Amino acid sequence: MAQALEQRELERNRASHKLQALSHRLVEVQETERRSIARELHDEIGQSLTVAELNLHAALENSSQAALTHRLEESIEAVGKVLEQVQDLSLNLRPSMLDDLGLESALRWYTNRQASLTGLRSRFRADALESASIR
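Residues numbered from 1 in each chain as written. Predicted model: local features only at pLDDT ≥ 70, side-chain atom pairs only at ≥ 80, totals over all residues. Heavy atoms only, no water.

**Student:** Please clarify how the overall build of the protein chain should be interpreted in this entry.
**Tutor:** Counting secondary structure elements, the protein chain contains four helices and zero strands. Secondary structure elements in the protein chain, listed N-terminal to C-terminal, are α-α-α-α. Here the C-alpha radius of gyration of the protein chain, 25 Å, is well above what a compact globule of 135 residues would show, namely 14 Å. Residues counted as buried form 15% of the 135 residues belonging to the protein chain. Carbon and sulfur atoms provide 53% of the accessible area of the protein chain, an area that totals close to 11100 Å². Taking the 17 positively charged and 21 negatively charged side chains of the protein chain as two groups, their mean positions are separated by 10 Å. (Helix = DSSP H or I, 4+ residues; strand = E, 2+ residues; numbered from the N terminus. Rg over C-alpha atoms; globule rule 2.2 N^0.38 Å. Buried < 20%, exposed > 50% of the residue type's maximum accessible area, 1.4 Å probe, protein only. Areas by Shrake-Rupley, 256 points an atom, 1.4 Å probe, with all protein chains shown as cover. Lys, Arg positive; Asp, Glu negative; His and termini not counted. Charge placed at Lys NZ, Arg CZ, Asp CG, Glu CD.)

Next up, the structure:
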């Protein structure tokens, strides 16, 4: 009976380690997908909107009709808002500083950013993490 209990404990430990490894892998895959979506939003959609905005500005400068001028101004404003939204969305999905500066710096920046957007004060404190490797 003791041997059976010991065997079950070993199996439980193996299953637990396997689950941790799978969870770790899932987080990695999610982060890769978020990075890809954020890059696509910023690079592709952002570039297209920037080109549209520049074209609208050029049309506005060459325009002489008051009605056309008003419509172009509205279009420029709308494109500018969409561009800001795309940039915010890509930042919220996965800030590039996460790769460049690490988790602590990215969390500090994000906390300060959210606090300033809502008019709140924030204080960020990070304790050192224990080094752990999951295989």
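**Student:** How should I be thinking about helix H1 (residues 2-61) in this particular structure?
**Tutor:** Owing to its 3.6 residues per turn, the α-helix brings residues three or four apart onto one side. The end-to-end C-alpha separation of H1 is 86 Å, in line with the 88 Å expected for 60 residues at 1.5 Å each. At Gly46, H1 is deflected by roughly 30°, the largest bend along its length. Residues Ala38, Leu41, Gly46, Leu49, Glu53 and Leu56 constitute the buried set of H1. (Expected span 1.5 Å × (residues − 1). Bend = angle between axes of the 7 residues up to and from the residue.)

**Student:** What am I meant to see in the pattern of salt bridges here?
**Tutor:** Two side chains that carry opposite charge are able to pair once their charged atoms sit near each other. Using the criterion set out here, one finds seven salt bridges in the structure. Its salt-bridge partner being Glu28, residue Arg25 comes within 3.5 Å of it at the nearest N-O pair. Of the two residues, Arg25 and Glu28 are both situated in helix H1; the distance of three residues between them amounts to about one turn of the helix. In this structure Arg25 comes out as partly exposed when scored by relative accessible area, which is 48%. A salt bridge links Asp99 to Arg35; the shortest N-O distance between them is 3.2 Å. Of this pair, Asp99 sits in helix H3 (residues 97-101) while Arg35 sits in helix H1; the two residues are 64 residues apart in sequence, bridging distant segments of the chain. Asp99 gets classed as partly exposed once you look at its relative accessible area, which sits at 43%. Since its relative accessible area comes to 26%, Arg35 is described here as partly exposed. (Salt bridge = Lys/Arg side-chain N within 4 Å of Asp/Glu carboxyl O.)

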